[in-house]
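An overview of the molecular structure
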Amino acid sequence: MIDRLIISADISNKYEKIISDKHIRNEEKEKERYINQKKYKWIDNLTLRTFHSFCYHILRNYGVNEFDNKFKIIGDEKRNEEEDLSKKHCS
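Residues numbered from 1 in each chain as written. Predicted model: local features only at pLDDT ≥ 70, side-chain atom pairs only at ≥ 80, totals over all residues. Heavy atoms only, no water.

1. Here's the deal with the packing of helix α1 (residues 2–9) against helix α3 (residues 26–39)
Orientation of α1 relative to α3, taken along the N-to-C sense of each, is 60°, at an axis distance of 10 Å. Our classification of the angle between α1 and α3 gives oblique. In terms of crossing hand, the pair formed by α1 and α3 is left-handed. Across from Ile 2, Asp 3 and Ile 6 in α1, the residues of α3 making contact are Arg 33, Asn 36 and Gln 37. Its residues assigned to classes, the contact of α1 with α3 shows two nonpolar, two polar and two charged. (Axes fitted to C-alpha atoms, helices over the stretch in contact; angles between N-to-C directions. Helix = DSSP H or I, 4+ residues; strand = E, 2+ residues; numbered from the N terminus. Parallel < 35°, antiparallel > 145°, perpendicular 65-115°, else oblique. Left-handed = near helix turned anticlockwise from the far one by under 90°. Contact = heavy atoms within 4.5 Å. Nonpolar A, V, L, I, M, F, W, Y, C, P; charged D, E, K, R; others polar.)

Structure (structure tokens):
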């Protein structure tokens with residue numbers, strides 16, 4: 001998402017060329033991303049989250065009046081339970 005914002009702010013199109021170049025190492029791309037993020041202060045001040053991360057953040061921080069805040073993310077826990085079950089059945 002940060003790449004998209006930087007690309008939209010970069011009128012020279014230099015950043016897009018760097019990011020899309022397959023011959024440039026990821027470390028160099030990360031460095032360019034950092035430099036450009038700092039270059040555009042409005043991008044540097046943003047907090048970007050996925051939809052699920054945003055909802056989790058709201059529930060965790062503002063759901064205290066409605067929930068006990070001891071909820072867990074089902075997807076991660078379910079996967080671990082399935083792995084545990086498969087290990088028990090294979091043994």
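Picking up where we left off.
2. Digging into unusual backbone geometry
Trans is the prevailing form of peptide bonds, just as negative phi is the prevailing case for residues other than glycine. In this structure, Asn 13 is a non-glycine residue whose phi angle is positive, near 65°. For Asn 13, a relative accessible area of 36% corresponds to the partly exposed category. (Buried < 20%, exposed > 50% of the residue type's maximum accessible area, 1.4 Å probe, protein only.)

3. Overview of the environment of Tyr 15
By secondary structure assignment, the location of Tyr 15 is in helix α2 (residues 14–20). Judged by its relative accessible area of 1%, Tyr 15 falls in the buried class. Distance from Tyr 15 to Glu 32, taken between C-alpha atoms, is 7.6 Å for residues 17 residues apart in sequence. Among all residues touching Tyr 15, those that are not within four sequence positions of it are Asp 3, Ile 6, Ile 7, Asp 10, Glu 32, Arg 33 and Asn 36.

4. Concerning α3
Look at α3: 20 Å from first C-alpha to last across 14 residues, which is about the 20 Å you get at 1.5 Å a residue. Regarding α3, the residues found buried are Lys 29, Arg 33, Asn 36 and Gln 37. Along α3, the residues classed as buried sweep out an arc of 105° about the axis, all on the same side. Those residues of α3 that are exposed and angled more than 90 degrees off the buried face are Glu 27, Lys 31, Tyr 34 and Lys 39. Lining the buried residues of α3 we find α1, α2 and α4 (41–44). (Expected span 1.5 Å × (residues − 1). Arc of directions from axis to C-beta.)

5. Here's the deal with the confidence of the model for the protein chain
Of the residues in the protein chain, 69% reach a pLDDT of 70 or more, and the chain-wide mean stands at 81. The spread of mean pLDDT over the elements of the protein chain runs between helix α6 (residues 74–90), the lowest at 56, and α3, the highest at 95. (pLDDT = per-residue confidence, 0-100.)

6. Looking at α1
Of all the residues in α1, the buried ones are Asp 3, Leu 5 and Ile 6. Projected down its long axis, α1 shows its buried positions confined to an angular sector of 165°, all on one face. Exposed side chains of α1 directed beyond 90 degrees from the buried face belong to Arg 4 and Ser 8. Taken together, the buried residues of α1 touch α2, α3 and α4.

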